[in-house]
Amino acid sequence: MKHFRPGIVPSLVVAILVPVMVCLGFWQLSRGEQKRVLMENYAERRVAPPLDSTELAHTSDPAFRPVTLQGQFDSEHSILLDNRQHDGKVGVELLQPFLDHRTGLWLLVNRGWLPWPDRRTPPVFNTPEQPISLQAWVYVAPGATFQLHADPAGAPWPRLVTAIEPDKLWAELDRNGFNYELRQQSGPGAYRTDWPVVAMGPEKHLGYAVQWFAMATALFGLFLYLGWHNAGRHHGKHHESNQHV
């Protein structure tokens, strides 16, 4: 009678990797559902009437809400968000503090993407000197930004960063500020502002989930095949030895 003989090492590998792959598949499904809800929320709120800046600080859930601002940019504390791409071209997003004159509240406004093809020279941008009115919307990130290492504190201006943290900026500058990024729509002082809501859509998360489940199934199938194959070989050797005896 054949006995299933997968071996100790393959059994350990499968016992560790298959649950991990299955968990990663379900995590991708969860992230995809989060992105789907996020995009539906975005679509609903982006067509709503814009908030006045006086309402912004008192809104309990400001994500993706359009807002009208009147004030002036602070050109001395510019932030360049690194590793941004558009149409396969590398560049940065330019963010600057904006003092809203009606509320006295500081807002971190993302003026859009601009190219940075040669990193040996700094990106070139201009800042409106006069007070302006602009339209923007509140951006709330779906999760924490992955960073290989934290951005250095106290770096010179304009400051090159890999993650946006408005609360830390306001604490450093000792200002009363709004703790979410605002993304400017096309208008005075704006650069490229065709913002994607999420970097990876729900369909990609579904695709990755299918891949993880497929790999888990393939690995478990290979495990079963090797186990029964080894059992057959062992049974054949045992049968031959009995014949010799």
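Residues numbered from 1 in each chain as written. Predicted model: local features only at pLDDT ≥ 70, side-chain atom pairs only at ≥ 80, totals over all residues. Heavy atoms only, no water.

Caption draft 1: Highlighting the overall build of the protein chain. Tallying secondary structure elements over the protein chain gives four helices and eight strands in all. Seen in sequence order, the protein chain has helices and strands lined up from the N terminus as α-β-α-β-β-β-β-β-β-α-β-α. Across the 245 residues of the protein chain, 37% fall into the buried class. Long-range contacts, defined as pairs at least 24 residues apart, comprise 68% of the intrachain contacts of the protein chain with a sequence gap of at least 6. Summed over all atoms, the accessible surface of the protein chain reaches about 14,700 Å², with 59% contributed by carbon and sulfur. (Helix = DSSP H or I, 4+ residues; strand = E, 2+ residues; numbered from the N terminus. Buried < 20%, exposed > 50% of the residue type's maximum accessible area, 1.4 Å probe, protein only. Contact = heavy atoms within 4.5 Å. Areas by Shrake-Rupley, 256 points an atom, 1.4 Å probe, with all protein chains shown as cover.)

Caption draft 2: Molecular detail of the environment of N110. Looking at the secondary structure, you find N110 in strand β5 (residues 106-115). On the basis of relative accessible area, N110 is assigned to the buried category, the value being 0%. Considered as a pair, N110 and R183 are 73 residues apart in the sequence and their alpha carbons are 4.7 Å apart. Filtering out sequence-adjacent residues up to four positions away, N110 remains in contact with E93, L94, L95, E181, L182, R183, Q184 and W195. Of note is the side chain of N110, whose polar atom sits 3.0 Å from the backbone nitrogen of G112. Side chain to side chain, N110 and E181 meet in a polar contact 2.9 Å long. (Polar contact = N/O pair within 3.5 Å; in protein donor to acceptor, adjacent residues only side chain to side chain.)

Caption draft 3: Examining the nonpolar core more closely. With 15 residues, the main nonpolar core has L56, L69, F98, L107 and L182 as its most contacted residues. Counting residues per element, the ones that place at least two in this core are β2 (66-73), β5, β6 (132-139) and β8 (177-184). Ignoring any residue separated from it by four or fewer positions in sequence, one finds L182 in contact with L56, V67, L69, L107, L108, V109, N110, A136, W137 and V138. If you look at the next biggest cluster of nonpolar residues, it comprises nine residues, including L81, W106, L108 and L169. (Core = buried A, V, L, I, M, F, W, Y, C linked by side-chain atoms within 4.5 Å.)

Caption draft 4: Just helix α3 (residues 166-173), in detail. Listed in full, the buried residues belonging to α3 are P166, L169, W170 and L173. Seen end-on, α3 carries its buried residues on one side only, within an arc spanning 95°. For α3, the exposed residues set more than 90 degrees away from the buried face come down to K168 and A171. The inward-facing, buried residues of α3 abut β3 (79-86), β4 (89-100), β5 and β8. Count one or two residues on from α3 and you reach D174, which has phi positive near 55°. (Arc of directions from axis to C-beta.)

Caption draft 5: Region of the structure containing the UniProt feature "transmembrane region" (unreviewed entry) in the protein chain. UniProt annotation of "transmembrane region" (unreviewed entry) refers to residues 7-29 and 209-228 when read in the numbering used here. Overall, residues 7-29 shows 96% helix and 0% strand. The separation of its end C-alpha atoms is 33 Å. (UniProt positions renumbered as here; feature names shortened; annotations may be inferred.)

Caption draft 6: Main features of the packing of aromatic side chains. One pass over the full model with this rule turns up five aromatic pairs. Seen in terms of ring centroids, F73 and F98 are 5.0 Å apart; in terms of plane orientation they differ by 75°. Their pairing is edge-to-face. Note that F73 is positioned in strand β2 and F98 in strand β4, a separation of 25 residues in sequence. When its relative accessible area of 8% is taken as the criterion, F73 is described as buried. Put simply, the rings of F64, W137 and Y139 touch in pairs and so form one group of aromatic residues. (Phe/Tyr/Trp six-rings, centres within 6.5 Å; stacked < 30°, edge-to-face > 60°.)

Caption draft 7: Representation of the environment of Q70 in the model. With respect to the helices, strands and loops of the structure, Q70 is situated in strand β2. For the pair Q70 and R102, spaced 32 residues apart in sequence, the C-alpha separation works out to 7.0 Å. For Q70, the contacting residues outside a window of four places in its chain are F98, L99, D100, H101, R102, I132 and S133.

Caption draft 8: Examining the pairing of β8 more closely. Of all the eight residues making up β8, six are buried; the element is thus mostly covered by neighbouring parts of the structure. Here β5 pairs with β8 via four bridges, running parallel. The partner of L108 across the bridge, within β8, is E181. (Pairing = 2+ DSSP bridges.)

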